Amino acid sequence: MSDRRVRPVPIPKRHAWRRRPAAPAPPSAPPGPAAAPEVSAPVQKDQGSIVQAALYHDGRRVSTPVSLAETFRQLREEPAGMAWIGLHRPTESELHSLAGEFDLHPLAVEDALEAHQRPKLERYGETLFVVLRAARYLDAPEEVDFGELHVFVGSDFVITVRHGAAPDLSAVRRRMESTPELLALGPEAVLYAILDAVVDGYAPVVAGVQNDIDEIETEVFSGDPAVSRRIYELSREMVEFQRATRPLVGMLHGLMAGFAKYGTDEELQRYLRDVADHVTHTSERVDGFRQALADILTVNATLVTEQQNAEMRALAEAGFEQNEEIKKISAWAAILFAPTLVGTIYGMNFDSMPELHWAFGYLFAIGLMGIVCVSLYVIFKRRDWL
């Protein structure tokens with residue numbers, strides 16, 4: 001989804017709700033320890049997990065704090081400003097620091113810490129908590145990599161907690177800063193841009209999966225034995241992809257249902273409806289991929305079964321032909337065995353054998369051999385052994 005031209009719009013009226021002010025130190029506490037919680041240990045840890053923090057006024061960046069404590073301080077000094085804080089795998093202390101400053105709900109903080117959540121949208125008072133599953137297609141291994149993004153949206157802040165490589169929120173920030181009239185609409189506009197980036201990231205995944213399915217169809221009909229494993233792995237990825245996209249449809253419809261209640265700008269409403277259309281289209285494509293893979297798996301199983309049956313028939317035919325040859329060999333061996341037996345008996349060196357000195361003994365032996373051979377030939381021929 002490319003960047004859209006946005007007409008200048010007035011800054012919407014902000015909610016009356018603001019962050020909780022820092023509680024003053026009790027009179028009995030010494031001044032040193034009372035100031036410590038704002039600037040102590042988290043400052044060192046902020047450097048590791050803060051991807052970028054910025055303060056905006058009227059859609060333009062006014063400062064770039066380097067720590068959470070500095071971000072909190074500058075936001076207090078800029079009543080009409082908006083903070084956009086990006087974190088990557090933050091520590092528990094960092095999230096609790098944010099929760100204390102921006103009054104984040106403990107359940108939402110717990111979800112952001114644990115990750116591995118399904119996409120959802122929850123409203124805790126004036127704060128909106130959104131969980132998104134981003135995806136990207138890896139060309140080399142031909143697989144889909146999923147990331148998780150948690151977004152806290154308040155009246156004057158946006159906090160993103162990213163688990164994984166996707167999505168590229170730096171591109172989202174550059175896009176919003178290049179259109180200050182859109183960024184001036186406040187945190188809801190930032191949420192729209194993040195949703196837009198996540199949904200746009202699904203397009204290359206859909207194209208890559210479509211290409212994989214085309215290759216799988218070719219492999220199925222070419223008889224590749226490894227195609228079954230590839231179908232199974234891609235089917236599992238489509239299950240994850242479906243879990244990432246299907247809840248977004250309901251989430252965006254929920255946002256659209258609150259347009260009137262929360263006074264969402266009309267131009268922003270159009271953009272969110274456009275994102276909802278893209279999500280619906282992507283979800284339908286993913287459903288189609290799952291059905292196509294199920295059909296391909298059925299076809300592959302049928303083809304494998306037919307191939308196995310053909311191989312079994314070939315083996316059976318080969319065995320039958322082999323049996324026929326064995327019967328012929330056995331029949332001729334039996335026919336040749338009869339004269340051999342007679343000749344062997346009368347060839348023994350014994351003096352007192354019947355018919356040994358008989359004048360017709362030779363003719364009798366030859367006749368006996370012929371009769372036996374002819375009889376065996378007739379028998380085997382009737383039984384189709386010859």
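Residues numbered from 1 in each chain as written. Predicted model: local features only at pLDDT ≥ 70, side-chain atom pairs only at ≥ 80, totals over all residues. Heavy atoms only, no water.

A few words on empty space enclosed by the protein. For the structure shown, the criterion picks out two cavities of 30 Å³ or more. The space that makes up the largest cavity amounts to roughly 100 Å³. Elements that contribute at least two residues to the lining of the largest cavity include exactly strand S1 (50-57), strand S3 (82-88), strand S7 (157-163) and helix H6 (169-178). Across the lining of the largest cavity, the residue classes break down as four nonpolar, four polar and two charged. (1 Å grid on protein atoms, 1.4 Å probe; cavity = no way out; pocket = protein on both sides within 12 Å on 5 of 7 lines; lining within 4 Å. Points joined across faces, edges and corners; volume = space filled by probe spheres on them. Helix = DSSP H or I, 4+ residues; strand = E, 2+ residues; numbered from the N terminus. Nonpolar A, V, L, I, M, F, W, Y, C, P; charged D, E, K, R; others polar.)

In this section: the packing of helix H3 (residues 68-77) against helix H4 (residues 92-102). At a closest axis distance of 11 Å, the pairing of H3 and H4 adopts a crossing angle of 10 degrees. Relative to H4, H3 is oriented roughly parallel. Along the contact surface, H3 presents Leu68, Phe72, Leu75 and Arg76, while H4 presents Glu94, Ser97, Leu98, Glu101 and Phe102. Broken down by class, the residue content of the contact of H3 with H4 amounts to five nonpolar, one polar and three charged. (Axes fitted to C-alpha atoms, helices over the stretch in contact; angles between N-to-C directions. Parallel < 35°, antiparallel > 145°, perpendicular 65-115°, else oblique. Contact = heavy atoms within 4.5 Å.)

This part takes up the confidence of the model for the protein chain. On average, residues of the protein chain score 81 in pLDDT, and 87% of them reach the 70 mark or higher. Put simply, helix H1 (residues 31-39) is where the protein chain has its lowest mean pLDDT, 35, and helix H8 (residues 187-200) is where it has its highest, 92. With pLDDT under 50 throughout, residues 1-47 is counted as low confidence; its partners more than four residues away or in other chains account for 71 contacts. (pLDDT = per-residue confidence, 0-100.)

Turning our attention to the side chain of Glu94. Take Glu94: it is sitting in helix H4. Engagement of the side chain of Glu94 in a polar contact is seen with the backbone nitrogen of Thr91, the distance being 3.0 Å. (Polar contact = N/O pair within 3.5 Å; in protein donor to acceptor, adjacent residues only side chain to side chain.)

This next bit is on H8. With 14 residues, H8 ought to run about 20 Å at 1.5 Å a step, and its terminal C-alpha atoms sit 20 Å apart, in line with that. Counting buried positions along H8 gives twelve out of 14 residues, so the element sits mostly inside the fold. Residues of H8 that are buried include every one of Pro187, Ala189, Val190, Leu191, Tyr192, Ala193, Ile194, Leu195, Asp196, Val198, Val199 and Asp200, and no others. (Expected span 1.5 Å × (residues − 1). Buried < 20%, exposed > 50% of the residue type's maximum accessible area, 1.4 Å probe, protein only.)

We now examine the packing of aromatic side chains. Going through the model one piece at a time under the given rule, you end up with nine aromatic pairs. Ring centres of Trp332 and Tyr377 lie 6.1 Å apart, and the angle between their planes is 45 degrees; this geometry places the pair in the tilted category. Of this pair, Trp332 sits in helix H12 (residues 266-346) while Tyr377 sits in helix H13 (residues 361-382), and the two are 45 residues apart along the sequence. Aromatic rings pair up to connect Phe72, Phe102 and Phe157 into one cluster. Cation over ring: Arg173 sits above Trp84, and NZ or CZ is 4.3 Å from the ring centre. (Phe/Tyr/Trp six-rings, centres within 6.5 Å; stacked < 30°, edge-to-face > 60°. Lys NZ or Arg CZ within 6 Å of the ring centre and 35° of its normal.)

Per the stated rule, a full pass over the model turns up 16 salt bridges. Here Arg136 makes a salt bridge to Asp145, at a shortest N to O gap of 3.0 Å. On the basis of relative accessible area, Arg136 is assigned to the partly exposed category, the value being 36%. Each of the salt bridges in this network shares a partner with another, and the network as a whole consists of Glu142, Asp212, Glu215, Glu219 and Arg230. (Salt bridge = Lys/Arg side-chain N within 4 Å of Asp/Glu carboxyl O.)

Within the open sheet, the seven strands sit side by side as S2-S1-S3-S7-S6-S5-S4. Their pairing is mixed. One side of each edge strand has no neighbouring strand; the edge strands of this open sheet are strand S2 (60-63) and strand S4 (120-124). Between one strand and the next, the sheet's axes are offset by a mean angle of 25 degrees, whatever the strand orientation. Bridge analysis of S3 against S7 gives six bridges, and the strand direction is parallel. (Pairing = 2+ DSSP bridges.)

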